[in-house]
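Remarks on the overall topology
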Amino acid sequence: LRTPAEGHTHPKAQQRAEKAPTRDGRGHLFTSRPGHKIMPSSTSPNGKRGRTQADEGGGTTEEGGQKPVSKRIRAQKARDAGKSPSSPPWTVVRLGAKTKHDRDAGGKARSAPGKPSHPVLKLSASGCAFEAPARNGPLGMLTALTRWLAASNQELTQQKVTTSQQDFNEYRSNRAPQPVHERAVSLCALDTYSRLRKMMPNISDGIADGDLGENILIQGPPSRAALGETAPSEEGFRVGMQLRFSSGAEIELCHINNPCYRLANVPWNAAAKEAFDWTSASTDKKGWWLHPKLPLNVDANPGGRGWLAKVVKEGDVRVGDEVVVVVEGGEQ
């Protein structure tokens, strides 16, 4: 074998030498890779089995700047501090309600489940109410006369004559089992609509917020319920959860809202049926919303269709309200 000439180093040997860690004056090991420093392990005082500073979320970049802390490290530090990683607050993005008069005018049971949008809803044990212009007819005339007697002419010129209208739900009013106050309010996560649009991109522009008929649409939580050990990493709705709105009202989730036949009346029903026509093998019920890939399927995605809640504290809910979860002791 030919020996290398004096002073000559094989290229691979040179590369290994460049990558070999060296120690500084404090005993820390360094590699030749910029921004990486091998920290001595707690179980290895000699530093031979160490972890890099980059793994710890520290270190510097090649330009000398501070490396950003990784998501894993942020989550771990948050757990150590006893709180969840920072995330955007839950927010009310839409409110909806529909009177019996409007439902009947739309075709009663054949009417679309979507409810007209309102900036404010007043929650009570009997359901949701909203302010609307007084209708013509005896009731509207009586309301206007009452308001006129209670206010001066100057005040009447500065305000619209309105009356409180009650949201109507046929099942809750006529067929729901007791106690019906546990079905006073319906709500849904905006994530359900996002997933529907993703699953049906050809009609995504036609799927409007509120088409499913909820009273309150909330941005932030996932569509799937948090179910004990099978809960996702991020917090979701669950039975018994109490939600407090920044305008003052407070509700408690009582039931998962099961999808019903009236979803066949949504404006985009024909396209959804063409893409996801489905018949349940267990119940023999038919409907595109029963498809296991869609977020409305209650078995594959419990809570995707939404939730039914009772009112714990009466008050207003406004679009833009922040929503907080009330835990034991009233803490948020």
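Residues numbered from 1 in each chain as written. Predicted model: local features only at pLDDT ≥ 70, side-chain atom pairs only at ≥ 80, totals over all residues. Heavy atoms only, no water.

**Here's the deal with the overall build of the protein**
Going by this rule: Secondary structure counts use DSSP, requiring at least four H or I residues in a row for a helix and at least two E residues in a row for a strand, with both numbered from the N terminus. Exposure categories follow from relative accessible area, calculated using a 1.4 Å probe and restricted to protein chains: below 20% of the type maximum is buried, above 50% is exposed, and the middle band is partly exposed. It only takes one pair of heavy atoms within 4.5 Å for two residues to be counted as in contact. Computed with the Shrake-Rupley method and a 1.4 Å probe, the accessible areas treat only the protein chains shown as cover for residues.
Check the secondary structure of the protein and you find 8 helices and 15 strands. In the protein, which comprises 332 residues, the proportion classed as buried is 37%. If you take every contact in the protein between residues at least 6 apart in sequence, the share linking residues at least 24 apart comes to 63%. Here the protein has roughly 20200 Å² of accessible surface; of this, 51% comes from carbon and sulfur atoms.

**Brief notes about the sheet that holds strand E9 (residues 185–189)**
Keep this limit in mind: A pair of strands is considered paired only if DSSP assigns at least 2 bridges between the two. Axis geometry follows a simple rule: fit a line to the C-alpha atoms, using only the stretch in contact for helices, then measure angles between N-to-C directions, giving values from 0 to 180 degrees.
Ordered in space as E5-E10-E9-E13-E12-E11-E15, the 7 strands form a closed barrel in which the pairing is mixed. Ignoring which end each strand starts from, the neighbouring axes of this sheet average 40° apart. Inspection of the sheet shows E9 paired to strand E13 (residues 307–313) by 3 bridges, in the antiparallel sense. Opposite leucine 187, over in E13, you have tryptophan 307 as the bridge partner.

**Digging into the environment of tryptophan 278**
By the element assignment, tryptophan 278 lies in the loop between helix H8 (269–276) and E13. By relative accessible area, tryptophan 278 is classed as partly exposed at 34%. Spatially, the C-alpha atoms of tryptophan 278 and proline 292 are 8.9 Å apart, while their sequence positions differ by 14 residues. Those residues in contact with tryptophan 278, other than ones at most four positions away along the chain, are Lys285, Lys286, Gly287, Trp288, Leu290, His291 and Pro292.

**Thoughts on the pattern of salt bridges**
Selection criterion: Whenever Lys or Arg places a side-chain nitrogen within 4 Å of a carboxyl oxygen from Asp or Glu, that contact is recorded as a salt bridge.
Counted under the stated rule, the structure contains 7 salt bridges. Here lysine 100 makes a salt bridge to aspartate 104, at a shortest N to O gap of 2.9 Å. Linking lysine 100 with aspartate 104, this pair stays in helix H3 (residues 100–105), spanning 4 residues, or about one helical turn. Classification of lysine 100 by relative accessible area gives partly exposed; the value is 42%. Residue lysine 122 is joined to aspartate 316 by a salt bridge in which the shortest nitrogen-to-oxygen separation is 2.9 Å. Here lysine 122 is found in strand E6 (residues 120–124), whereas its partner aspartate 316 is found in strand E14 (residues 315–318), with 194 residues between them in sequence.

**Quick notes on unusual backbone geometry**
Even without glycine at this site, lysine 108 takes up a positive phi of about 55°. Here lysine 108 lies in the loop between H3 and E6.

**Topic: the layout of surface pockets**
As a reminder of what qualifies: Both cavities and pockets are sets of points on a 1 Å grid over the protein atoms alone; in a cavity a 1.4 Å probe fits but cannot get out, in a pocket the set is open with protein on both sides within 12 Å along at least five of seven lines, and lining residues sit with an atom within 4 Å of a point. Grid points are joined across faces, edges and corners, and a volume is the space filled by probe spheres set on the points.
Approximately 1000 Å³ is the volume attributed to the largest pocket. Taken together, 42 residues make up the lining of the largest pocket; nearest its centre are Asn257, Asn258, Pro259, Cys260 and Tyr261. Breaking the lining of the largest pocket down by element, the ones donating at least two residues are helix H6 (170–174), E9 and strand E12 (250–256). Among the elements that take part in the lining of the largest pocket, H6 stands out by supplying 3 residues, more than any other.

**Notes on helix H7 (residues 190–199)**
Cut-off, in case you're wondering: Read the arc as the range of directions from the helix axis to the C-beta atoms.
Those residues of H7 that sit buried are Leu190, Thr192, Tyr193 and Leu196. Projected onto a plane normal to the axis of H7, the buried residues spread over an arc of 155° and lie on a single side. Tucked into the core, H7 has its buried residues touching strand E5 (90–95), E9 and strand E10 (216–219).

**Some points on the nonpolar core**
How we decide: Buried Ala, Val, Leu, Ile, Met, Phe, Trp, Tyr and Cys residues that are joined via side-chain atoms within 4.5 Å together make up what is termed a nonpolar core.
Counting 28 residues, the largest nonpolar core has Leu123, Leu187, Phe237, Leu243 and Phe245 as its most contacted members. Mapped onto this core, the elements with two or more residues apiece are E5, E6, strand E7 (127–133), E9, E10, strand E11 (242–245), E12 and E13. Those residues within four positions of leucine 123 in sequence are excluded, and the remaining contacts are Cys128, Val185, Ile216, Phe245, Ala249, Ile251, Val311, Glu314, Gly315 and Val317. By size, the runner-up hydrophobic cluster in this structure holds 19 residues, among which are Met200, Val266, Trp288 and Leu294.

**Describing the packing of aromatic side chains**
Quick note on the threshold: Between the rings of Phe, Tyr and Trp (Trp by its six-membered ring), a pair exists once the centres lie within 6.5 Å; its type follows the angle of the planes, with under 30 degrees stacked, over 60 edge-to-face, and the other angles tilted. Any Lys NZ or Arg CZ found within 6 Å of a ring centre and within 35 degrees of that ring's normal is scored as a charge over the ring.
In this structure the tally under the stated criterion is 4 aromatic pairs. Seen from their ring centres, phenylalanine 237 and tryptophan 307 are 6.3 Å apart, and the 75° between their planes marks the pair as edge-to-face. Of this pair, phenylalanine 237 sits in the loop between E10 and E11 while tryptophan 307 sits in strand E13, and the two are 70 residues apart along the sequence. Residue phenylalanine 237 is classed as buried on the basis of its relative accessible area of 1%. Among the residues examined, tryptophan 307 registers a relative accessible area of 1% and is labelled buried. Between tryptophan 288 and tryptophan 289, the aromatic rings sit 5.5 Å apart at their centres with planes inclined by 80°, giving edge-to-face as the arrangement. For the pair shown, tryptophan 288 and tryptophan 289 are each scored as buried. Here a set of aromatic residues connected by ring pairs shows up, and it is made of Trp90, Phe237 and Trp307. Lying across the ring of phenylalanine 168, lysine 100 places its NZ or CZ 5.8 Å from the centre.

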